[in-house]
2 protein chains.
Amino acid sequence: MPVRSDSRARMISAARRLFRERGYLGTAFSDVLAESGAPRGSVYFHFPGGKEELGVEVAIAHGADTIAQINRAAARASSAAELLAIFLGRTRDHLVTSGYREGCAAAPIVIEMAPGSTQLTEATRRGFQDAIGALAARLAEHGVPVDRAGSLAMTATAGLEGALILARATQSTGPFDALIADLSRLADGASAGTEH
Amino acid sequence: MPVRSDSRARMISAARRLFRERGYLGTAFSDVLAESGAPRGSVYFHFPGGKEELGVEVAIAHGADTIAQINRAAARASSAAELLAIFLGRTRDHLVTSGYREGCAAAPIVIEMAPGSTQLTEATRRGFQDAIGALAARLAEHGVPVDRAGSLAMTATAGLEGALILARATQSTGPFDALIADLSRLADGASAGTEH
C-alpha cells in the first residue's frame, strides 16, 4: 500500500486548508500532523526542506486545482461573462460554506513571505501565472479577443483575491456580487467589441 | 514633551510598515520596538491589550490614511476614471518603491485572523467599509451615478487588494496596469450611462 505518498498528499491537503484559514505563518507542522493524521516522523521524512517545502507544495497544489476549477466553469459556460460568474461564484460559495473562514491558500504565502523567500515567491508566481494563462485561454475561446483576454483574466484574478479579503472582513457576499457584475460588464463589452 | 503619545504613535506606524511586509503574525513586538526605537517597557504600557490592540490600531490608522489617499486623488482628478487611476497608481508606486515588499497593512490581519478574532475582524471591516464609502462618494461627485458608485468602489477596492498580491508574487506592475485600464472602462461607462 502506498502509505508514504498517501501521508505526504494528506499533509499537503491539510496544510492547504489551514493556510486558507490562518495563513502560512499561522500554520505549524503540528497542526498539519493533527489535521492529516500523519505520524510525527513524517515531517522531515516527507519534507526535508521543512516548512518552505510544504509551502511550495501547497502553492503547486492550489495552482493546479484553480486551473481545474477554471476549466470546470468553462465547460459549463456559454459565454465569457458566464464563465467568470461560475468560477467566482464557486469561490464565493466555498467561502460562505466555511463560515467565511477559508480564503485563498496562496495569498498568505505572498503576503507573509514575498519577496523574502525566493522559493515561495517563485512558486506563487508560477501558480498565478498559470491560472491567469488558463483563464485567458478559456475567455478567448468564449469570445473575448485574444489581445484582451490576458488583461481581463488578470483583473478577474486580482478581483477574486481582493473579494475574498473583503468578504471575510465584512462577512458578506457583497464584494463578490459587485465584482461578478462588473466582470460581466467587462467580458460582455470585450466580447461584443464595444469597449474602448 | 508628549513623549508617551509620540512613542505609541511611532510604534503604530512601525507596526503598520511591518504588517505590510510580513503580515500580522510575522511581526513581533520586539520588531516593532526595534523599528520605532521605543523602550521595551512601552509594550504593555501603551498596549495593555497586547498584540490584538496593536493590530486594531494599525487597522484604524491604515483605514484613515487610505481615506486621505482617496481624497487627495479626488482633489486632483477631473473624472472618476482619473480618480481611480491616481489612487491605484499611488498604491502601485509605493509597492514598486519598496522593492515589491510592502503591500496592504490590513489584508494580512484579515487573512490570518478573520473571523477568529472579533476585535481584529471588526476593525478591518470598519476600515474597508469606510474607505469604500469615501471612494463611492468621490466617484459619485465625479459623475458616477449614485446607485452605481458603491459597487464600483467595492470592485476597485477588491481589485487593489488583489493587484497588490499578484504584483508582489510576479514582481511586476502588470496587474495594476490591467486593473487601472479595466476600472477606467467601468468608470467611463458608468459616468456616460452606457453600461448595462
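For the structure, see preceding data.
This structure is a prediction, so every number in the text was calculated from the model and none was measured.

Trainee: Quick question: what am I supposed to make of the overall build of chain A here?
Mentor: The helix and strand inventory of chain A stands at nine helices and zero strands. Each helix and strand of chain A, placed in order from N terminus to C terminus, yields the pattern α-α-α-α-α-α-α-α-α. For 196 residues, the compact-globule formula gives about 16 Å, and the C-alpha radius of gyration of chain A, at 18 Å, lands near that figure. Along the first, second and third principal axes, the C-alpha atoms of chain A reach 60 × 35 × 30 Å. Expressed as a percentage of its 196 residues, the buried residues of chain A come to 52%. For chain A, contacts bridging at least 24 residues in sequence account for 67% of all contacts bridging at least 6.

Trainee: Would you mind showing me how to read helix α8 (residues 146–170) of chain B here?
Mentor: Note on helix geometry: an α-helix contains 3.6 residues per turn, so any two residues three or four positions apart are oriented the same way. Residue and element names in this part refer to chain B. Taking 1.5 Å of rise per residue, 25 residues should cover 36 Å, and α8 covers 36 Å from first to last C-alpha, within 8% of that figure. Counting buried residues along α8, 22 of its 25 residues qualify, which places the element largely inside the surrounding structure. Just past α8, the residue glutamine 171 takes up positive phi, approximately 45 degrees.

Trainee: Teacher, can you tell me more about the relation of the copies chain B and chain A here?
Mentor: Superposition of the two copies of the chain requires a rotation about an axis and a shift along the axis. Relative to chain A, chain B is turned by 180 degrees and slid 0.0 Å along the rotation axis, the superposed coordinates differing by an RMSD of 0.0 Å. Between the two chains, the operation in question is that of a two-fold axis. Same-surface contact between copies: 98% of interface residues of chain B are shared with the interface of chain A.

Trainee: Would you mind showing me how to read the interface of chain B and chain A here?
Mentor: Each partner contributes residues to the interface: chain B has 47 residues there, and chain A has 46 residues. Elements that contribute at least two residues to the side of chain B that touches chain A include exactly α6 (107–113), α7 (118–141), α8 and α9 (174–192) of chain B. It is α8(B) that provides the largest number of residues to the side of chain B that touches chain A, a total of 16 residues. Broken down by class, the residue content of the side of chain B that touches chain A amounts to 22 nonpolar, 16 polar and nine charged.

Trainee: How do you make sense of unusual backbone geometry when you look at a structure like this?
Mentor: Excluding glycine, residues mostly carry a negative phi; peptide bonds, for their part, are mostly trans. Residues and elements named next belong to chain A. Here alanine 114 and proline 115 are connected by a cis peptide whose omega angle stands at 0 degrees. Residue position: proline 115 is located in the loop between α6 (107–113) and α7 (118–141). You will see that tyrosine 100, though not glycine, has its phi angle at about 60 degrees, which is positive. Tracing the backbone shows tyrosine 100 in the loop between α5 (80–97) and α6.

Trainee: Teacher, can you tell me more about the environment of Ala131(A) here?
Mentor: All names here are of chain A. With respect to the helices and strands, the residue alanine 131 is situated in helix α7. By the C-beta count within 10 Å, which is 22 here, alanine 131 ends up buried. For the pair alanine 131 and alanine 68, spaced 63 residues apart in sequence, the C-alpha to C-alpha distance is 9.2 Å. Apart from the residues within four sequence positions on either side, alanine 131 is in contact with Gly63, Thr66, Ile67, Ile70 and Thr157.

Trainee: Sorry if this is basic, but what is going on with the packing of helix α8 (residues 146–170) of chain A against α8(B) here?
Mentor: Axes are the key here: two packed helices are described by the angle between their axes and the distance separating the axes. Packing of α8(A) against α8(B) brings their axes to within 6 Å, and their N-to-C directions diverge by 105 degrees. Classified by the angle between their axes, α8(A) and α8(B) sit roughly perpendicular to one another. Mapping the contact onto sequence places Met154(A), Thr155(A), Thr157(A), Ala158(A), Gly159(A), Leu160(A), Glu161(A), Gly162(A), Ala163(A), Ile165(A) and Leu166(A) in α8(A) and Met154(B), Thr155(B), Thr157(B), Ala158(B), Gly159(B), Leu160(B), Glu161(B), Gly162(B), Ala163(B), Ile165(B) and Leu166(B) in α8(B). Classifying every residue of the contact of α8(A) with α8(B) gives twelve nonpolar, eight polar and two charged.

Trainee: I tried to follow the nonpolar core on my own but got confused; where do I start?
Mentor: Taken as a class, soluble globular proteins show a tendency for nonpolar side chains to be buried jointly. Core analysis: the biggest nonpolar cluster contains 129 residues, and Leu84(A), Leu84(B), Leu139(B) and Ala187(B) have the highest contact counts within it. Not counting the four nearest positions on each side in its chain, Leu84(B) is found in contact with Ala156(B), Ile180(B), Leu183(B), Ser184(B) and Ala187(B).

Trainee: Quick question: what am I supposed to make of the environment of His142(B) here?
Mentor: Secondary-structure assignment places His142(B) in the loop between α7 and α8. Once you skip the residues sitting within four places of it in the chain, His142(B) turns out to touch Ala77(B), Ser79(B), Ala80(B) and Leu83(B).

Trainee: How should I be thinking about the environment of Ala136(A) in this particular structure?
Mentor: Residue and element names in this part refer to chain A. Along the polypeptide, alanine 136 turns up in helix α7. Taking the C-alpha atoms as reference points, alanine 136 and serine 30, 106 residues apart in sequence, are found 39 Å from one another. Setting aside chain neighbours within four positions, we find alanine 136 in contact with Ala149, Gly150 and Ala153.

Calculation criteria
- Residues numbered from 1 in each chain as written.
- Chains lettered and ligands numbered in written order.
- Predicted model: local features only at pLDDT ≥ 70, side-chain atom pairs only at ≥ 80, totals over all residues.
- Helix = DSSP H or I, 4+ residues; strand = E, 2+ residues; numbered from the N terminus.
- Rg over C-alpha atoms; globule rule 2.2 N^0.38 Å.
- Buried ≥ 20, exposed ≤ 12 C-beta atoms within 10 Å, placed from the backbone.
- Contact = placed C-beta atoms within 7 Å.
- Expected span 1.5 Å × (residues − 1).
- Least-squares fit on C-alpha atoms with pLDDT ≥ 70 in both.
- Nonpolar A, V, L, I, M, F, W, Y, C, P; charged D, E, K, R; others polar.
- Axes fitted to C-alpha atoms, helices over the stretch in contact; angles between N-to-C directions.
- Parallel < 35°, antiparallel > 145°, perpendicular 65-115°, else oblique.
- Core = buried A, V, L, I, M, F, W, Y, C linked by C-beta atoms within 7 Å.

Coordinates in, geometry out; function isn't part of it.
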